Structures are given as structure tokens and as C-alpha cells.
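# Descriptive analysis of the structure
For reference, the chains in residue letters:
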Amino acid sequence: MQIISAIADLRSALKGRGRVVFVPTMGNLHAGHISLMEQARAHGDTVVASIFVNRLQFGPNEDFDKYPRTFQADCDKLAAAGVNVLFAPTEADLYPEPQEYTVEPPAIQNILDGEFRPGHFRGVATVVLKLFNIVQPQAAVFGKKDYQQLMVIRNMTRQLALPIDIIGGETVRAEDGLALSSRNGYLSEAERAEAPRLYRLLNEIRTAILSGETDSVRLENEAIAALTAAGWKTDYVAVRQQSDLSMPKGVNAPLVVLAASRLGSTRLIDNIEI
Ligand code: PAF
């Protein structure tokens, strides 16, 4: 696996490499990321991963400084997963001057996670567009665990006519159902034992809706109450349309249940499609 940090070096390394599939990450890789790399391998000739902890998508009181950085272990995992090229720029490589031109996503950036993380999706869309321009892939893989992020990137790619296929990768879970996430490492032993409750509650909502329940607001409120009783602080539990994350309207429109809740100081997000 080639490891490259300079934009010009990456561009020359990728000349004549066939169909390039790109998997951007912020490092601290786990089995969920590795499954995205495997999907990428199935979709092209050359797999490019990136590791870059993007300051632009963190709020002033968020975990940018303490975000886990495990570069050597990440390189070993990526090489073992058959990644061909790792792009690992420094902040000076990617942001040599203040990033004043940014991508402003539409209203979707202000709902759900965006309501609680102002500016987050602007930061994500900006770095992803910049990475797309640098790597110029034919396809890119993003995990469904960050459902709203995947939608922002899909919509940006379509509306800006970027010639890139966006592939959504399924969420990988621990045996007890907890979605794998770099932030799970912040959980204490007791919090880790409690954490699967979030997925269990999402599943209960899914089962209720599949059995004909139509009062999604009641289901959301019951889940929030169950989380509160178990010591969580919830930002949202929301049943939404898969197509645009708006409130459920039609009887047959595919739905998704999304949640973000805090256990101690760790904010966990998860979702399940219905
Ligand atoms: O999902 C992530 O890890 C990040 O948001 C991404 C897409 C790499 C952009 O920094």
C-alpha cells in the first residue's frame, strides 16, 4: 500500500489506475470501515482510502482534539484489507490557507444531527468535495451508520453533477447490536454494557411500525422516555422518510428511524431502515 500525503503526489500516483473507488475516513478504523474497503474492492480496480480528522466538521465544544488518532494500526488494517493507496494529508496539505470557500448544504443540514451540530454538514460537504476533487474517483463508499451524511453527500454529488457513484455501506454491529463507531472507545465498561439499548429501541419502533402502528410521534416519545429512564440524554429519536428525511407522509413510503443520544459524555448515533 502506498501512503501519500501531498496532493500532487497522489494525483500522479493515480494516473492510469483504472476505476478508482474512494473511501474517506477520519481514522481509528474498526470492522465497519474495513467492510467499506471490501465493498470498494468489489466496485473498481484501485481502492483509495483517506485518513484526515477534519477540523471543519467539529463544533467548538466537540471532540476534535481528543478524537482518537491511531495511524500505524490504521495503516496495518488498510494494507491487510487490500487498499492500494492511502491518502493521509496533514492539515497544511489540505488546508494550506483558511478554507473560505465552503459547500453550504440546503435545509437538510439544519435538521436531526444538524440541529444539534450547527455547521457540521457544511464541514463534511466541504471536505468531501475537496477530497473528491483531489482523488477524482469514479465511485465512493460511505457508511449508512451516518445516514444523514450519506444523504447530504448523495444530494451534493447529484446536484453538482459530479461523475461519481455513491455507494452506501451497511452498518456493522457488535454481537449485542451496538453499531461500531470510533466513539465507542470513549465508553466506560458500564456505559458499553448499556449502549446496545439504543439499537434495541430502534428495533422496537421498527417492529411496531411493521405491525401497523402509525403514531410515530408516540413511538419516538416512548423511546426517548426509556432512554431517559436509563440515564441517557437524547437529542432526537425520529421516524422519517428515507427519501428526504422529512416526516412520514404516505402509507407506503420507506421509512428510517434515526437517533442520537448521549451516554455520559459520549454521543452515539444509530439508525435502522424499515
Ligand atoms: O464519516 C466520516 O468519517 C467523515 O465525516 C468523513 C466522510 C471522512 C469526512 O470527514
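The shown structure was predicted, so the numbers you read here are calculated from the model rather than taken from an experiment. (Residues numbered from 1 in each chain as written. Predicted model: local features only at pLDDT ≥ 70, side-chain atom pairs only at ≥ 80, totals over all residues. Heavy atoms only, no water.)

The next point concerns the site of the ligand. The ligand sits among Pro 24, Thr 25, Met 26, Asn 54, Gln 57, Val 127, Phe 142, Asp 146 and Gln 149. Here Gln 149 contributes a side-chain N or O atom positioned 2.7 Å from an oxygen atom of the ligand. The protein chains hide 89% of the 290 Å² of surface that the ligand would expose on its own. Tallied by class, the residues present in the shell around the ligand amount to four nonpolar, four polar and one charged. (Near = heavy atom within 4 Å. Polar contact = N/O pair within 3.5 Å; in protein donor to acceptor, adjacent residues only side chain to side chain. Areas by Shrake-Rupley, 256 points an atom, 1.4 Å probe, with all protein chains shown as cover. Nonpolar A, V, L, I, M, F, W, Y, C, P; charged D, E, K, R; others polar.)

Next up on the list: the sheet that holds strand S8 (residues 255-263). Sheet architecture is open: three strands sit in the order S7-S8-S9, paired in antiparallel fashion. Two strands bound the open sheet, and with one partner strand each, they are strand S7 (233-241) and strand S9 (266-273). Strand-to-strand twist in this sheet, taken as the mean axis angle between neighbours without regard to direction, amounts to 10°. Both S7 and S8 contribute to a ladder of eight bridges, which runs antiparallel. Its bridge partner being in S8, Arg 240 is matched across the sheet by Val 256. With respect to the sheet, helix H10 (residues 216-229) is in contact with S7 and S8, its orientation differing from that of S7 by roughly 155°. (Pairing = 2+ DSSP bridges. Helix = DSSP H or I, 4+ residues; strand = E, 2+ residues; numbered from the N terminus. Axes fitted to C-alpha atoms, helices over the stretch in contact; angles between N-to-C directions. Contact = heavy atoms within 4.5 Å.)

Listed as buried for helix H3 (residues 71-80) are Asp 74, Cys 75 and Leu 78. For H3, the angular spread of buried residues about the axis comes to 100°, placing them on one side. Opposite the buried face of H3, at more than 90 degrees from it, the exposed residues are Gln 72 and Ala 80. Contact partners of the buried residues in H3: strand S1 (2-4), helix H2 (31-43), strand S3 (46-51) and strand S4 (85-87). The positive-phi residue at the C-terminal boundary of H3 is Gly 82, with phi of around 85°. (Buried < 20%, exposed > 50% of the residue type's maximum accessible area, 1.4 Å probe, protein only. Arc of directions from axis to C-beta.)

One pass over the full model with this rule turns up 14 salt bridges. One salt bridge connects Arg 117 with Glu 62, and the closest N-O pair in it is separated by 2.6 Å. Here Arg 117, found in the loop between helix H5 (113-116) and helix H6 (120-135), pairs with Glu 62, found in the loop between S3 and H3; they are 55 residues apart in sequence, far enough to count as distant. Between Arg 173 and Asp 270 there is a salt bridge whose closest N-O contact spans 2.9 Å. (Salt bridge = Lys/Arg side-chain N within 4 Å of Asp/Glu carboxyl O.)

Time to look at the sheet that holds S3. Taken in spatial order, the six strands make up an open sheet running S1-S4-S3-S2-S5-S6, and their pairing is parallel. The outermost strands of the open sheet, each flanked by one partner alone, are S1 and strand S6 (165-169). Strand-to-strand, the axes of this sheet are offset by a mean angle of 25°, without reference to chain direction. Here S3 pairs with S4 via three bridges, running parallel.

Where H6 contacts helix H7 (residues 147-159), the axes come no closer than 10 Å and their chain directions differ by 50°. By the angle class used here, H6 and H7 are oblique. Where H6 crosses over H7, the handedness of that crossing is right-handed. Here Phe 121, Val 124, Ala 125, Val 128, Leu 129 and Phe 132 of H6 come into contact with H7, specifically with Gln 148, Gln 149, Val 152, Ile 153, Met 156 and Thr 157. (Parallel < 35°, antiparallel > 145°, perpendicular 65-115°, else oblique. Left-handed = near helix turned anticlockwise from the far one by under 90°.)

Summarising the element assignment, Lys 144 is placed in the loop between strand S5 (139-143) and H7. A distance of 3.2 Å separates the side chain of Lys 144 from the side chain of Glu 273, its partner in a polar contact. Beyond its immediate stretch of four places on either side in the chain, Lys 144 contacts Leu 150, Gly 168, Gly 169, Glu 170, Thr 171, Asn 271 and Glu 273.

This part takes up the pairing of S9. Of all eight residues in S9, seven are buried; the element is thus mostly enclosed. Where S8 folds back onto S9 in an antiparallel hairpin, the turn is made up of two residues, including Gly 264, whose phi is positive at roughly 60°.

Packing of helix H9 (residues 197-210) against H10 leaves a shortest axis separation of 10 Å and a crossing angle of 160°. Relative to H10, the element H9 is oriented roughly antiparallel. Crossing handedness for the pair H9 and H10: right-handed. On the side of H9, the interface is formed by Arg 197, Leu 198, Leu 201, Ile 205, Ala 208 and Ile 209, while H10 contributes Leu 219, Ala 223, Ala 226 and Leu 227. Broken down by class, the residue content of the contact of H9 with H10 amounts to nine nonpolar, no polar and one charged.

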